[in-house]
Amino acid sequence: KLSRRLGLLLEQIPHGSKLADIGSDHALLPLAAVQTGRAVSAIAGEVNPGPYRAAERAVQDAGLRGLISVRRGDGLAVLRQEEADCITIAGMGGALIASILNRGRAEGKLAGVRTLLLQPNVGEDILRRWLLDNGWVLTAEALLEEDGKRYEVLSAVPEDLEAGITNESLYAAAAQAGGERPYGMETLLIMGPWLIRQRGPVFAAKWQEEVSKLERILESLSRSELESAGSKRAEIKAQIREITEVLACLP
Ligand code: SAM
């Protein structure tokens, strides 16, 4: 059975997609996408030999070698141009996902891609920044908790594709959610322009924990004799203030 995390990604794959799942491990997502008819075909990319073999075996066992191509290689290098219209990259850090996208973009591998579905384990702000800087509109965000861990799923489409929304309008509207003191861009990139407005219970728990963590750091810095401790404290206090402002607006 698919985890809720992968289930959430699956739901975001447009029906009839030509999917590429990069860092596919056991090819769970391509298998589910093809079996449910979400994807008409799929490519499972893996750089490491163990997961690559596991993916090959899983696809073979499911009798889906005709529809799912398992390929060994780094990031989007496994794709030929215009081969996929939906790319999923899940379960890695945001910085690694951004570097995979960067290299792929430079090699023209994002041409023809209409949907990016990204699930970073950390460094979500790095990915939101990458999307913004590279002409991808963030069309949806989801945050879920499973087995004591929290995951974010970011969906994006190319800016030149009619998405009914632009990054400009999205971030402007999200900033306004701050009321008299509009949220700053850094806050929106870190917390998420959709998530900040959805104000769900998982979101509240995540950021309350973050405040507690920052308070503990503040506490230990107050005992530090390092010269830099003062400016670090000021920085953390500002972060706490920013998050607390957002939390204060939560229902
Ligand atoms: N995507 C699956 C999921 O979300 O359940 C598997 C996540 S697993 C933690 C990360 C996988 O990405 C590993 O199997 C790893 O081998 C693969 N990986 C890491 N860097 C990669 C890269 N540059 N290109 C392709 N695969 C990569």
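Residues numbered from 1 in each chain as written. Predicted model: local features only at pLDDT ≥ 70, side-chain atom pairs only at ≥ 80, totals over all residues.

1. A word on the domain arrangement of the protein
For the record, the criterion: Per the annotation, domain bounds derive from an automatic or database assignment of domains. A pair of residues counts as a contact when their C-beta atoms, built from backbone coordinates, are separated by no more than 7 Å. By definition, any uninterrupted DSSP run of H or I lasting at least four residues is a helix, any uninterrupted run of E lasting at least two residues is a strand, and each is numbered from the N terminus. Three residue categories are used. Nonpolar comprises Ala, Val, Leu, Ile, Met, Phe, Trp, Tyr, Cys and Pro, charged comprises Asp, Glu, Lys and Arg, and polar comprises the others, including Gly.
Parsing the protein into structural domains produces domain 1 (4-164) and domain 2 (185-248). The distance between the C-alpha centroids of domain 1 and domain 2 comes to 30 Å. Across the contact, 12 residues belong to domain 1 and 10 residues belong to domain 2. Counting residues per element, the ones that place at least two in the side of domain 1 that touches domain 2 are α5 (124-133), β6 (136-146) and β7 (149-158). Classifying every residue of the side of domain 1 that touches domain 2 gives 4 nonpolar, no polar and 8 charged.

2. Let's talk about the site of the ligand
Quick note on the threshold: As a rule, any residue with its backbone-derived C-beta atom within 6 Å of a molecule or strand is reported as near that molecule or strand.
Within the structure, the ligand sits among 16 residues, and Gly23, Asp25, Asn48, Ala90 and Gly91 are positioned closest to it. Mapped onto the shell around the ligand, the elements with two or more residues apiece are β2 (39-46) and β4 (86-92). Here the element with the most residues in the shell around the ligand is β4; it accounts for 3 residues. Residue composition of the shell around the ligand, grouped by class: 7 nonpolar, 6 polar and 3 charged.

3. Looking at helix α3 (residues 49-61)
Which entries qualify depends on this criterion: Expected span of a helix, by definition, is 1.5 Å for each gap between consecutive residues, and there is one gap fewer than residues. The burial label depends on the number of other C-beta atoms within 10 Å of a residue's C-beta. Counts of 20 or more mean buried, 12 or fewer mean exposed, and intermediate counts mean partly exposed, with C-beta atoms placed from the backbone. Within this analysis, the arc is defined by the directions that extend from the helix axis to the C-beta atoms.
Here α3 contains 13 residues, and its C-alpha end-to-end distance of 18 Å stays within 8% of the 18 Å for a straight helix at 1.5 Å per residue. Among the residues of α3, Tyr52, Ala55, Ala58 and Val59 are the ones counted as buried. Axial view of α3: buried residues confined to an arc of 130 degrees, hence all on one face. For α3, exposure combined with an orientation more than 90 degrees from the buried face picks out Pro49, Gly50, Gln60 and Asp61. Looking at the packing, one finds that the buried side of α3 touches α2 (28-35), β2 and β3 (68-72).

4. Quick notes on the pairing of strand β1 (residues 17-22)
The two faces of the sheet receive side chains in turn, since in a regular strand these alternate between them. Selection criterion: In this description, strands pair whenever DSSP reports at least two bridges between them. Every crossover in which the path from the first strand over the helix to the second runs clockwise, viewed with the strands pointing away from the viewer, is termed right-handed.
In terms of burial, β1 is a largely internal element, 5 of the 6 residues being buried. Note that β1 and β2 share 6 bridges and pair parallel. Bridge pairing links Asp21 to Ala44 in β2. Between the parallel pair β1 and β2, the chain is carried across by α2, and the sense of this crossover is right-handed. Sheet topology places β1 next to β4; 4 bridges connect them, and they run parallel. Across the sheet, residue Asp21 finds its bridge partner in β4, namely Thr88.

5. With respect to the sheet that holds β1
Test applied: Inter-axis angles, ranging from 0 to 180 degrees, are taken between N-to-C directions of lines fitted to C-alpha atoms, where helices are fitted over the stretch in contact.
With mixed pairing, the 7 strands of this open sheet are ordered in space as β3-β2-β1-β4-β5-β7-β6. Here the strands that pair on one side only, and so sit at the sheet edges, are β3 and β6. Across this sheet, the average inter-strand angle for adjacent strands is 15 degrees, counted without regard to direction. When β6 meets β7, the two strands line up antiparallel, connected through 10 bridges. Along β7, the bridge assignment pairs Glu146 with Lys149. Here helix α4 (residues 94-106) sits on the sheet and contacts β1, β4 and β5 (115-120); the angle it forms with β4, its principal contact strand, is near 150 degrees.

6. Observations concerning the packing of helix α1 (residues 4-12) against α2
What counts, and what does not: Roughly parallel means an angle under 35 degrees; roughly antiparallel means over 145; roughly perpendicular covers 65 to 115; every other angle is labelled oblique. The handedness criterion is simple: a crossing whose near helix is rotated anticlockwise from the far helix by less than a right angle is left-handed, and one whose near helix is rotated clockwise is right-handed.
At a minimum axis separation of 10 Å, α1 and α2 run at an interaxial angle of 50 degrees. Considering the angle they form, α1 stands oblique to α2. Note that α1 runs across α2; the crossing there is right-handed. Residue-level contacts link Leu6, Leu9 and Leu10 of α1 to Leu28, Leu29, Ala32 and Ala33 of α2. Split by residue class, the contact of α1 with α2 holds 7 nonpolar, no polar and no charged.

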